[in-house]
Amino acid sequence: MEEDTDFRIRFSSLCFITDHVGFRGTIKSSPSDFVVIEIDEQGELVNKASDKPVYKVTKVLPEPNNLAKKAKVDLQILSFEETSNQEVSTLAGSSSDDHNFVPCSEKEDTIKDRTYKGEEESVDVLGSLLGEKTNELLNQFACDIKEKWDSKTELTGPPPEFSLGRILDKNQRATLHSAIRQKFPFLITVGKNCEIVVRPNLEYKELCHLVSEEEAFDFFKYLDAKKENSKFTFKPDTNKEHRKAVHHFVNKKFGNLVETKSFPELSDSADNPNVVITVRFRVKAHKHWKRSLLECQGRKDTYTAFTLRKENLEMFEAVGFLAVKLGVIPSDFSYAGLKDKKAITYQAMVVRKVTPERLKNIEKEVEKKRMNVFNIRPVEDSLRLGQLKGNHFDIVIRNLKNQINDSANLRERILEAIENVKNKGFVNYYGPQRFGMGRKVHTDQIGLTLLKSETVKAVKLFFTPEDLDDPVNRAKKYFLQTEDAKGTLSLMPEFKVRERALLDSLHRFGVTEEGCIQAWFSFPHSMRIFYVHAYSSKIWNEAVSYRLATYGSRVVEGDLVCLDEDADNEQLPSSKVHLVTEEEESANTYAIHQVVLPVLGYNIQYPKNKVGQWYQEVLSRDGLQTCKFKIPTLKLNVPGCYRKILKHPCNLSYQLMEDHGIDVKKEGSHIDEATLSLLISFDLDASCYATVCLREIMKHDF
């Protein structure tokens, strides 16, 4: 394997947006020189003592008018990343591409005629929770779907989707899911990250080819109601082949939930009997699958939030240690973002199936591992990646010196650099820690092989050793030579949580294509997707460098710009991204800080200029011309996103210090430069890197 002689080469070739000279210095001389404190969604530092559940899901439903404003027709396909991260109706499917929702009073009357007494409550729920405007749009969407199906027009392309916006309260989401499917059985509801999206139900349409629409309507209502000991009966049928087709459909689609049986009607003649098909819930499946709102409230998982402080410890190692001590698995922990290893970091976490009392009981043991857990409190739900406002950094840069061949006053150089970046910002690259610190293999290389479904190669890349003679690298070398997972497991140190998890699975399933697929599932979803994101991040870094080298700070035709100044760094919806026209370029309508570039995925658009062509050439270079950014075997889907190419540090302050901690005098330029250190503090948005900001300030690659 060809060796990457120095991972820093990748970053020394990146661009700068500012033109000052900069200075040299050393960061991360010790973990205490690099302190990272997460800023939660309320703008509070998570290391502060708190008695309130900061991440508790609100019980207050958003005002109906606000919900109505968020309602939209969104044709983009949703990301089906992992079943555990979604609320998906099990009756899924759709096929339509129309997205013009127009009033259809006649169809509304047809739907209303089928609103039985049992549904009146659902209708009332929709009206009260959604608000008049959103409820009206939902009805129009339902009417439009029915109209197209009734016209028997065959449609192609992505299915239409209607978003109800984000509903923060979990119980209210459950109520809306049920109410919509009860009122409109020909629709399904999909939930992700608190958003509910409505789509056509393909199984409903398919069943309508076999039975009457009235029967299909009632059958799907029966399935969704999940009433214990209940049964559903189709209309009498004398055609044996037709009954067989109905049996086959129900058992193929829902056989894990229900069973079907045929019974002759007693009054019919023996020569040509009428037979009815009866559907019942399977007892075991029903008990497992049926969850009314009241049952969910009674059986709710326990969630405990806490702040984790760790020092010089990789996050996955910290989570693995906590999981062992608490008797849970690493995937029971959720967090808003990953944090540096060589640092002191504070971050919010939530653990499932653990009470606050149980977590408090291991506080002393945790301290031995250079960790602390505090702000322990019960909450109602887990955290998701990106659920933070940003991070606060307190950083000490030691051994400050001028750049080589620069004889200017050092203090003036430092002041010039900080003010320049404070005003102009920095190129928003992904930092080197995104790609791992190995010299031979980086996380993005593993991500590329996973995108190409080369799972065996990905495993071998994961176990590629560095040129170091230590227990970890000796174990990795042994594995590549022998593929003996059991023997390697005995050599791998206990603290290498990820390596041992992978080896344990390989020992059970074998180092085959199927075995390696199973082995990757020993990692939680957030860790599997991390490698794929690393590849997307590497390409984004290269794209920004190409964009700035090609067009500089001008905003040109075909650029993508963000229309929402307050949008999060990587949470830009497509509706907020605009393609710059020739007229807008001539009029200088937009500024460089508004330009965004896509992070690879299936749900993004590319710039319509040389940068867009560059993306296509890179995908071809890496063998991803036909990649859909979905890996079904690993349950990984990458929708992509947009990222601003420039960012600014906020709340920036600094102080020049002598190493023993005394303020350097402001007057006089004759300072012993070797003794100078810089204490700098600032806030960055989520998914921005302090090392990248420092690189722009210092004009120095670490």
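First, a word on what this report is: a plain description of the structure on this page. Note that the structure is predicted; figures quoted are calculated from it, not measured.

Reading guide: rules and limits
- Here, residues in each chain are numbered from 1, in the same order as that chain's written sequence.
- In view of the model being predicted, local features appear only for residues whose pLDDT reaches at least 70, and side-chain atom pairs are presented and counted only at 80 or more, with totals across whole chains, interfaces and linings using the full set of residues.
- Working from all heavy atoms in the structure, the side-chain values ignore hydrogens and water.
- Think of it this way: a Phe, Tyr or Trp ring, Trp meaning its six-membered ring, pairs with another when their centres are within 6.5 Å, and the plane angle makes it stacked under 30 degrees, edge-to-face over 60, tilted otherwise.
- A run of DSSP states H or I qualifies as a helix once it reaches four residues; a run of E qualifies as a strand once it reaches two. Both are numbered from the N-terminal end.
- Only protein chains enter the accessibility calculation, which uses a 1.4 Å probe. A residue is then buried if its area is under 20% of the maximum for its type, exposed if over 50%, and partly exposed in between.
- Placement of a positive charge over a ring is assigned whenever Lys NZ or Arg CZ falls within 6 Å of the ring centre and within 35 degrees of the normal to the ring plane.
- Here, a salt bridge means any Lys or Arg side-chain nitrogen found within 4 Å of an Asp or Glu carboxyl oxygen.
- Only strands that DSSP links by at least two bridges are regarded as paired with each other.
- In this analysis, axes come from line fits to C-alpha atoms, helices being fitted only over the stretch in contact, and the angle between any two N-to-C directions falls in the range 0 to 180 degrees.
- Note on definitions: a residue-residue contact is assigned when non-hydrogen atoms from the two residues lie within 4.5 Å.
- Among buried residues, the Ala, Val, Leu, Ile, Met, Phe, Trp, Tyr and Cys ones that are joined through side-chain atoms within 4.5 Å form a nonpolar core.
- Any pair of N or O atoms that falls within 3.5 Å is considered a polar contact. Within protein, one atom must be able to donate a hydrogen and the other to accept it, and sequence-neighbouring residues count only if both atoms are side-chain atoms.

1. Focus: the packing of aromatic side chains
Here is step 1: With the rule as written, the count across this model stands at 29 aromatic pairs.
Here is step 2: Measuring from centroid to centroid gives 6.0 Å for phenylalanine 219 and phenylalanine 254, while their planes differ by 50°, and the two rings are tilted. Placement of the pair is phenylalanine 219 in helix 8 (residues 213-225) and phenylalanine 254 in helix 9 (residues 240-254), with a sequence separation of 35 residues.
Here is step 3: For phenylalanine 219, a relative accessible area of 0% puts it in the buried group.
Here is step 4: In this structure phenylalanine 254 comes out as buried when scored by relative accessible area, which is 2%.
Here is step 5: One aromatic cluster is present, built from ring pairs that chain together Phe184, Phe186, Tyr204, Phe219, Phe220, Tyr222, Phe232, Phe234, Phe249, Phe254 and Phe281.
Here is step 6: Over the face of the ring belonging to phenylalanine 186 we find lysine 146, whose NZ or CZ atom lies 5.7 Å from the ring centre.
Here is step 7: The residue whose ring lies beneath arginine 695 is phenylalanine 16, and the NZ or CZ to ring-centre distance is 4.1 Å.

2. Section: the pattern of salt bridges
Here is step 1: Considering all chains together, one arrives at 30 salt bridges under this definition.
Here is step 2: The residue aspartate 504 makes a salt bridge to arginine 508 at a minimum N-O spacing of 3.9 Å. Here arginine 508 and aspartate 504 lie together in helix 20 (residues 497-509), a separation of four residues that amounts to about one turn.
Here is step 3: Given a relative accessible area of 34%, aspartate 504 falls into the partly exposed group.
Here is step 4: The class of arginine 508 is exposed, set by a relative accessible area of 55%.
Here is step 5: Three or more residues joined by partner-sharing salt bridges are found here, namely Lys538, Glu542, Arg621 and Asp622.

3. Some thoughts on the sheet that holds strand 9 (residues 258-264)
Here is step 1: Taken in spatial order, the three strands of this open sheet run 8-10-9, and their pairing is antiparallel. The open sheet has two edge strands, strand 8 (231-233) and strand 9, and neither has a second partner. On average, each strand axis in the sheet is inclined to that of its neighbour by 25°, with strand direction left out of account.
Here is step 2: The pairing of strand 9 with strand 10 (residues 275-281) spans seven bridges and is classified as antiparallel. What sits directly across from phenylalanine 263, in strand 10, is valine 276.
Here is step 3: Most of the contacts of helix 9 go to strand 9, to which it runs at about 165°, and overall it touches strand 9 and strand 10.

4. Here we look at the nonpolar core
Here is step 1: Core analysis: the biggest nonpolar cluster contains 130 residues, and Phe306, Phe333, Trp520, Tyr615, Phe682 and Ile697 have the highest contact counts within it.
Here is step 2: When residues in this core are grouped by element, the largest group, 13 residues, is from helix 22 (residues 525-551).

5. Regarding the environment of arginine 695
Here is step 1: Structurally, arginine 695 can be placed in helix 25 (residues 690-698).
Here is step 2: Taking relative accessible area as the criterion, arginine 695 reaches 5% and is therefore assigned buried.
Here is step 3: Separated by 673 residues in sequence, arginine 695 and glycine 22 place their C-alpha atoms 9.2 Å apart.
Here is step 4: Within polar-contact distance, the side chain of arginine 695 engages the side chain of aspartate 701 at 2.8 Å.

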